[in-house]
Each structure stands twice: as C-alpha cells, then as structure tokens.
Amino acid sequence: MNSQRNGPERNGAVQPGATSREIYDGGMKVRREVLGDAHVDRANANKDAFTEDFQDMITRIAWGGIWTRPGISRQMRSAVTITAMVAHGHWEELAMHIRAAITNGLSRDEIKEILLQTAIYCGVPSANTAFKTAQQVFHSMDNAAMDSTGTDNAS
C-alpha cells in the first residue's frame, strides 16, 4: 500500500531516487509544453546571477514537482492556477496562465466560467480585472492568428 502512494502514478517527475537533473528536465519539458518555447526562452534569456536560483526553483518545484504529477489534468491545473492568480491579483501571471489554459485545452467559454466563479469567491472587482485581462489576451491571440493567416497583397 505504501509503495503505491510513492509510485509513479502519484509522483510525476519526483520519483523516489530521482536526481535533481531528472526533476529539472521533467519540469522544463512540461513548462515548455504549457507556456511555449518562446516564453521559456525569454525567461531564461533574462535570468542573471540574481534571478537564476528563482528560475531553477520554479522549474524544479512548480513545474517538475507539481505540474508533472498525474493526479489531475492540465486543464484542472490551469483552472486552479487561474483562480489563484485572480485571488491574489497577479494580472501579468494571469495573462500568461490564460494563454497556457488555451494550450492545455480549455476553451474560452470554460475560462469565462472560471472567471465567473472567481467573482463569487475572489470578489467582483478582481473578476472585473480578470475579465479585462482575458479579453486583452484573446484579442492579442486573435490578432496574432489573423497576422499569421493574412495575405500579402504587395506581392
């Protein structure tokens, strides 16, 4: 019974005996899948001696220790994360995690429902800002999609 609790079905990248490198690599893989290579590459390019320990920590602990766990889906993890960002007023992180939620398979309607739920449990003013943030993210995503599918009439 105890071996089942510590087995791969519960621990994600943090397996018994896993090396720090294996946990980091597992975390980096999920971080890239969820946030995208461009975001992770920017974060890594911006790190310096002051911030590199923090970047290492979030890759190992948040992404390698938590996001790799199989206990709940990435969609559920995104819903929980969005709620936490709204509850604490972390608007830039909220924007990033709304994009990640789309990557993880949540629809805009599901995100809207999550934000409506936050109005009750996190407060209407926070939800108001969250809806504005999500609206900006969706407009940005739509504009980027239009730019990538647009035709060049100058040729």
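Up top you'll find the structure we're talking about.
Parameters and conventions
Residues numbered from 1 in each chain as written. Predicted model: local features only at pLDDT ≥ 70, side-chain atom pairs only at ≥ 80, totals over all residues. Heavy atoms only, no water. Helix = DSSP H or I, 4+ residues; strand = E, 2+ residues; numbered from the N terminus. Buried < 20%, exposed > 50% of the residue type's maximum accessible area, 1.4 Å probe, protein only. Contact = heavy atoms within 4.5 Å. Areas by Shrake-Rupley, 256 points an atom, 1.4 Å probe, with all protein chains shown as cover. Core = buried A, V, L, I, M, F, W, Y, C linked by side-chain atoms within 4.5 Å. Salt bridge = Lys/Arg side-chain N within 4 Å of Asp/Glu carboxyl O. Arc of directions from axis to C-beta. Axes fitted to C-alpha atoms, helices over the stretch in contact; angles between N-to-C directions. Parallel < 35°, antiparallel > 145°, perpendicular 65-115°, else oblique. Nonpolar A, V, L, I, M, F, W, Y, C, P; charged D, E, K, R; others polar. Patch = residues over 30% accessible without salt bridge, like charges linked within 9 Å, V, L, I, M, F, W, Y side chains within 5 Å.

(A) Focus on the overall build of the protein chain. The number of helices and strands found in the protein chain is 9 helices and 0 strands. Helices (α) and strands (β) of the protein chain occur, in sequence order from the N terminus, as α-α-α-α-α-α-α-α-α. By principal-axis analysis of the C-alpha atoms, the protein chain measures approximately 60 × 45 × 30 Å. Burial status across the protein chain gives 34% buried among its 155 residues. Pairs at least 24 apart in sequence give 64% of the contacts found in the protein chain among residues at least 6 apart. Of the roughly 9700 Å² of accessible surface on the protein chain, 54% is carried by carbon and sulfur atoms.

(B) Inspection of the environment of Trp 91 at higher detail. Among the structural elements, Trp 91 can be located in helix α7 (residues 91-103). Along the sequence, Trp 91 and Ala 144 sit 53 residues apart, while their C-alpha atoms lie 21 Å from each other.

(C) Region of the structure containing the nonpolar core. The biggest cluster of nonpolar side chains holds 16 residues, and the ones touching the most others in it are Ile 82, Val 86, Leu 94, Ile 98, Ile 111, Leu 115 and Phe 138. If you list the elements that add at least two residues to this core, you get α6 (74-88), α7, α8 (108-121) and α9 (124-149). Not counting residues within four places of it along the chain, the set of residues in contact with Ile 82 comprises Leu 94, His 97, Ile 98, Ala 101, Ile 111, Ile 114 and Leu 115. Among the nonpolar cores identified, the runner-up in size contains 10 residues, and Tyr 24, Val 34, Trp 67 and Met 96 belong to it.

(D) Layout of the pattern of salt bridges. This model, assessed by the stated rule, comprises 7 salt bridges. Here Arg 74 makes a salt bridge to Glu 33, at a shortest N to O gap of 2.6 Å. Here Arg 74, found in helix α6, pairs with Glu 33, found in helix α3 (residues 20-35); they are 41 residues apart in sequence, far enough to count as distant. Residue classification places Glu 33 among the partly exposed positions, given a relative accessible area of 33%. Of the charged contacts in the structure, one is a salt bridge between Arg 108 and Asp 142, with a shortest N-O distance of 2.7 Å. On the criterion of sequence distance, the pair formed by Arg 108 in helix α8 and Asp 142 in helix α9 is long-range, its members being 34 residues apart.

(E) Highlighting helix α4 (residues 37-46). Every buried residue of α4 is listed here: Val 40, Ala 43 and Asn 44. For α4, the arc enclosing every buried residue in end-on projection is 95°, short of the 170-degree limit, so these residues lie on one face. Facing away from the buried side of α4 by more than 90 degrees, the exposed set consists of Arg 42, Ala 45 and Asn 46. Along its buried surface, α4 packs onto α3 and α5 (52-67).

(F) Looking closely at the packing of α3 against α7. Two elements in contact, α3 and α7, have axes separated by 7 Å at closest approach and are oriented at 90°. As summarised for this structure, α3 and α7 are arranged roughly perpendicular, according to the angle between their axes. For the pair α3 and α7, contact is made by Glu 33, Val 34 and Leu 35 and by Met 96, Ala 100 and Thr 103, respectively. Class assignment of the residues belonging to the contact of α3 with α7 gives a composition of 4 nonpolar, 1 polar and 1 charged.

(G) A nonpolar patch on the surface, seen in detail. A contiguous nonpolar surface patch, about 280 Å² in accessible area, is contributed by Phe 54, Met 57 and Ile 61. Summarising the element assignment, Ile 61 is placed in helix α5. Given the relative accessible area of 49%, Ile 61 is considered partly exposed.

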